[in-house]
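Chain by chain, the residues run as shown.
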Amino acid sequence: THSNIDSLRQPLVSGSINTQQQVIPQLANLGDTGLDVLMEFLFGRKKNPATWVDGKVYQVLYNSDSSKAKEFLQAYFPNGIVPLTSECGIDYSSVQQLLAACDFQAADRMTLQKMCELAGPGAVQRKWLYFTEIENFPATDLKTINTLWLIHSEGKFGFTVQREIWLSLGKNWENLWEKIGWKKGNNWTRYPNEFTWDLSAPRGHLPLSNQLRGVRVIASLLSHPAWN
Ligand code: UYC
């Protein structure tokens with residue numbers, strides 16, 4: 001086991017992102033000694049902005065049965081690895097916890113709820129957003145939400161991923177829906193069961209934005225000055 005651990009520690013610390021991605025579950029499968037290496041790794045990166053590799057390590061520790069790992073996270077990362085900054089006093093820890101648990105479906109609902117809180121009491125009651133409300137969202141809060149999704153999805157999910165694809169398609173919505181798995185031919189993907197609630201989804205699949213009331217909400221999200 002010792003040589004096994006040593007042969008995984010080095011690629012975790014200095015391997016390419018692909019290598020790191022492969023080594024993280026292997027270490028987790030080694031039990032306590034492997035988890036120790038993951039804790040040491042995450043602790044060593046505490047001062048740097050979180051990457052999705054950190055997010056992966058955090059998720060493995062968060063979802064392990066190890067009480068030592070849980071105590072470690074509680075002691076050093078009580079609010080996760082993404083600063084939950086808000087200009088409006090919104091608490092994003094519920095989104096953080098659901099993403100840490102890889103419950104992408106509940107995280108998606110919670111994201112909508114938090115954006116309604118951000119928009120104000122009218123939107124909280126209504127349970128959906130006007131595009132005019134999104135235009136007034138502070139960049140800080142949108143970036144917090146986006147970074148949470150990015151970091152806990154191997155860089156696959158988030159508004160900036162959707163925006164990048166949308167721009168690459170010349171802002172063509174129909175092509176975007178197809179590309180991110182929201183539409184197949186003439187058929188909308190049906191909420192919730194036809195959506196893919198794990199990392200096997202296409203890039204940009206989540207978070208969702210209900211198109212029932214038109215495209216202007218997502219248009220407003222993807223063209224927000226936060227991403228300039
Ligand atoms: N739904 O089809 N959606 C709901 C999506 C549409 C519809 C929620 C996304 C097309 C109805 C979320 C797509 C459509 C409800 C999403 C999608 C439609 C509902 C829960 C692909 C019919 C019940 C949050 C673009 C042709 C609620 C919420 C209601 C819910 C997401 C129907 C997250 C990405 C045009 C009837 N759909 N939605 O917003 O409001 O309620 O009646 O986009």
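Parameters at a glance
- Residues numbered from 1 in each chain as written.
- Predicted model: local features only at pLDDT ≥ 70, side-chain atom pairs only at ≥ 80, totals over all residues.
- Heavy atoms only, no water.
- pLDDT = per-residue confidence, 0-100.
- Helix = DSSP H or I, 4+ residues; strand = E, 2+ residues; numbered from the N terminus.
- Expected span 1.5 Å × (residues − 1).
- Buried < 20%, exposed > 50% of the residue type's maximum accessible area, 1.4 Å probe, protein only.
- Arc of directions from axis to C-beta.
- Contact = heavy atoms within 4.5 Å.
- Salt bridge = Lys/Arg side-chain N within 4 Å of Asp/Glu carboxyl O.
- Near = heavy atom within 4 Å.
- Polar contact = N/O pair within 3.5 Å; in protein donor to acceptor, adjacent residues only side chain to side chain.
- Areas by Shrake-Rupley, 256 points an atom, 1.4 Å probe, with all protein chains shown as cover.
- Phe/Tyr/Trp six-rings, centres within 6.5 Å; stacked < 30°, edge-to-face > 60°.
- Lys NZ or Arg CZ within 6 Å of the ring centre and 35° of its normal.

A. A look at the confidence of the model for the chain. Residue-level pLDDT values for the chain average 97, and 100% of them are 70 or greater. Here the complex is predicted with pTM 0.97, and the ipTM for its interfaces comes to 0.96.

B. Local environment of helix α1 (residues 2-14). Here α1 is 13 residues long and its end C-alpha atoms lie 19 Å apart, about the 18 Å a rise of 1.5 Å per residue gives. Three or more residues of α1 are buried, namely I5, L8 and L12. In an axial view of α1, the angular spread of the buried residues amounts to 75°, which keeps them on one side of the axis. When the buried face of α1 is taken as reference, the exposed residues oriented beyond 90 degrees from it are S3 and S14. Elements that come into contact with the buried residues of α1 comprise α2 (17-29) and α3 (32-44).

C. Just the pattern of salt bridges, in detail. The full count for this structure, using the stated rule, is 9 salt bridges. The partner of E40 in a salt bridge is R9, and the shortest N-O contact between them spans 3.8 Å. Of this pair, E40 sits in helix α3 while R9 is found in helix α1, placing the two residues 31 residues apart along the sequence. A residue is classified by how much of its surface remains accessible, and E40, at 47% relative accessible area, is partly exposed. On the accessibility criterion, R9 (27% relative accessible area) is partly exposed. E174 is the partner of K183 in a salt bridge, and the nearest nitrogen-oxygen pair spans 3.3 Å. One network of salt bridges, in which partners are shared, links D6, R9 and E40.

D. Examining the site of the ligand more closely. Taken together, the neighbourhood of the ligand is formed by 13 residues, with W188, T189, N210, Q211 and R213 sitting nearest. Between the ligand and the protein, one listed contact pairs an oxygen atom with a backbone N or O atom of L212 at 3.4 Å. Here the ligand has 770 Å² of accessible area as a free molecule, and 68% of this is covered by the chains.

E. Examining helix α6 (residues 93-100) more closely. Taking burial as the measure, the 8 residues of α6 include 6 buried ones, the bulk of the element. Where α6 is concerned, the buried positions are S93, S94, V95, Q96, L99 and A100. One or two steps after α6, the chain reaches C102, where phi turns positive at roughly 60°.

F. Structural view of the packing of aromatic side chains. Scanning the model with the defined rule gives 16 aromatic pairs in all. Seen from their ring centres, F72 and Y76 are 5.4 Å apart, and the 50° between their planes marks the pair as tilted. One end of the pair, F72, and the other, Y76, are both in helix α5 (residues 67-76), 4 residues apart, so they sit about a helical turn from each other. Seen from their ring centres, F195 and W197 are 6.1 Å apart, and the 50° between their planes marks the pair as tilted. No difference in accessibility class separates F195 from W197, as the two residues are buried. In this structure an aromatic cluster arises from ring pairing among W166, W173, W177, W182 and W188. One residue, K46, lies across the ring of F77, its end atom 4.9 Å from the ring centre.

G. Here's a closer look at unusual backbone geometry. Residue P192 is reached from Y191 by a cis peptide bond, and omega for that bond is -5°. Structurally, P192 can be placed in the loop between β2 (187-188) and α13 (216-222). Between L206 and P207 the backbone carries a cis peptide bond, its omega angle lying at -5°. Topologically, P207 is positioned in the loop between β2 and α13. At K127, a position not held by glycine, the phi torsion is positive, near 70°.

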